[in-house]
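# Working through the structure, step by step
Read off the chains here:
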Amino acid sequence: MPVQTVTIKIRVDRCKKCLNCVRVCTAFDGVYEEGPDGYPVVARPEECVQCLICHTVCPTNAIVHENYRKTMLINPDEAIVQRYRNMI
Ligand code: SF4
Ligand code: SF4
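Bear in mind the structure is a predicted one, so any value in this text is a computation, not a measurement. (Residues numbered from 1 in each chain as written. Chains lettered and ligands numbered in written order. Predicted model: local features only at pLDDT ≥ 70, side-chain atom pairs only at ≥ 80, totals over all residues. Heavy atoms only, no water.)

### Examining the overall build of the protein
As a reminder, the rule being used: For the purposes of this entry, the term helix denotes a DSSP run of H or I that reaches at least four residues, the term strand denotes a run of E that reaches at least two, and both are numbered from the N terminus. A 1.4 Å probe rolled over the protein chains alone gives each residue an accessible area, and that area as a share of the maximum for its type sets the label: buried under 20%, exposed over 50%, partly exposed in between. Contact definition: two residues touch when any of their heavy atoms are within 4.5 Å.
Regarding its fold elements, the protein presents 3 helices and 4 strands. If you list the helices and strands of the protein from N to C, you get β-α-β-β-α-β-α. Taking all 88 residues of the protein together, the buried fraction comes to 33%. Put simply, of all contacts in the protein between residues at least 6 apart along the chain, 60% involve residues at least 24 apart.

See the structure below:
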């Protein structure tokens, strides 16, 4: 369920196309998708639960949440559990 719409951008000047962000996103439907050029695409920003995990796994600090509230709406432990629930 969407929690808050945030503006998320990928800095392609930093992105290494590792797609860690696509794999780890804890949002129910996933915020990111792999784009045709190999860069992640922010497909569903309204699904973001602000868990910060994508920031944690990005090796180059290429993800920017522009109107991020600086408060987690879900804690990282709960986010990981939710991620596994989404997979089963
Ligand atoms: S902060 Fe969490 S929910 Fe939002 S895009 Fe990153 S991994 Fe997905
Ligand atoms: S985790 Fe960072 S470097 Fe890797 S694809 Fe996502 S934005 Fe690019």
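Structure's up, so let's keep going.
### Regarding the pattern of salt bridges
The line we're drawing: Note on definitions: salt bridges are taken to be side-chain nitrogens of Lys or Arg within 4 Å of carboxyl oxygens of Asp or Glu.
Under the criterion given, the structure shown has 2 salt bridges. Across the salt bridge formed by D13 and R11, the nearest N and O atoms sit 2.6 Å from each other. Note that R44 is salt-bridged to E33, the shortest N-O span being 2.7 Å. Note that R44 is positioned in the loop between β3 (40-42) and α2 (53-57) and E33 in strand β2 (residues 32-34), a separation of 11 residues in sequence. A relative accessible area of 37% places E33 in the partly exposed class.

### Considering the site of ligand 1
Counted only if it meets this: Summary of the distance rule: residues count as near a molecule or strand when at least one heavy atom falls within 4 Å of that molecule or strand. Gly is put with the polar residues, along with every residue not named as nonpolar or charged; the nonpolar set is Ala, Val, Leu, Ile, Met, Phe, Trp, Tyr, Cys and Pro, and the charged set is Asp, Glu, Lys and Arg.
By nearness alone, every residue bordering ligand 1 is listed as C25, T26, A27, V31, Y32, C48, V49, Q50, C51, L52, C54 and H65. Of the residues belonging to the shell around ligand 1, the class tally is 9 nonpolar, 3 polar and no charged.

### Considering the site of ligand 2
Taken together, 14 residues are adjacent to ligand 2, and C15, C18, L19, C21 and C58 come closest. Of the residues assigned to the shell around ligand 2, the class counts are 10 nonpolar, 2 polar and 2 charged.

### Describing unusual backbone geometry
Residues other than glycine predominantly adopt negative phi, and peptide bonds predominantly adopt the trans conformation. Located in the positive-phi region is K17, a residue other than glycine, with phi close to 60°. Examined against the element boundaries, K17 turns out to sit in the loop between β1 (8-10) and α1 (20-24). Under the relative-accessibility criterion, K17 is labelled partly exposed at 39%. A positive phi angle is found at L19, which is not glycine, with a value near 65°. With respect to the helices and strands, the residue L19 is situated in the loop between β1 and α1.

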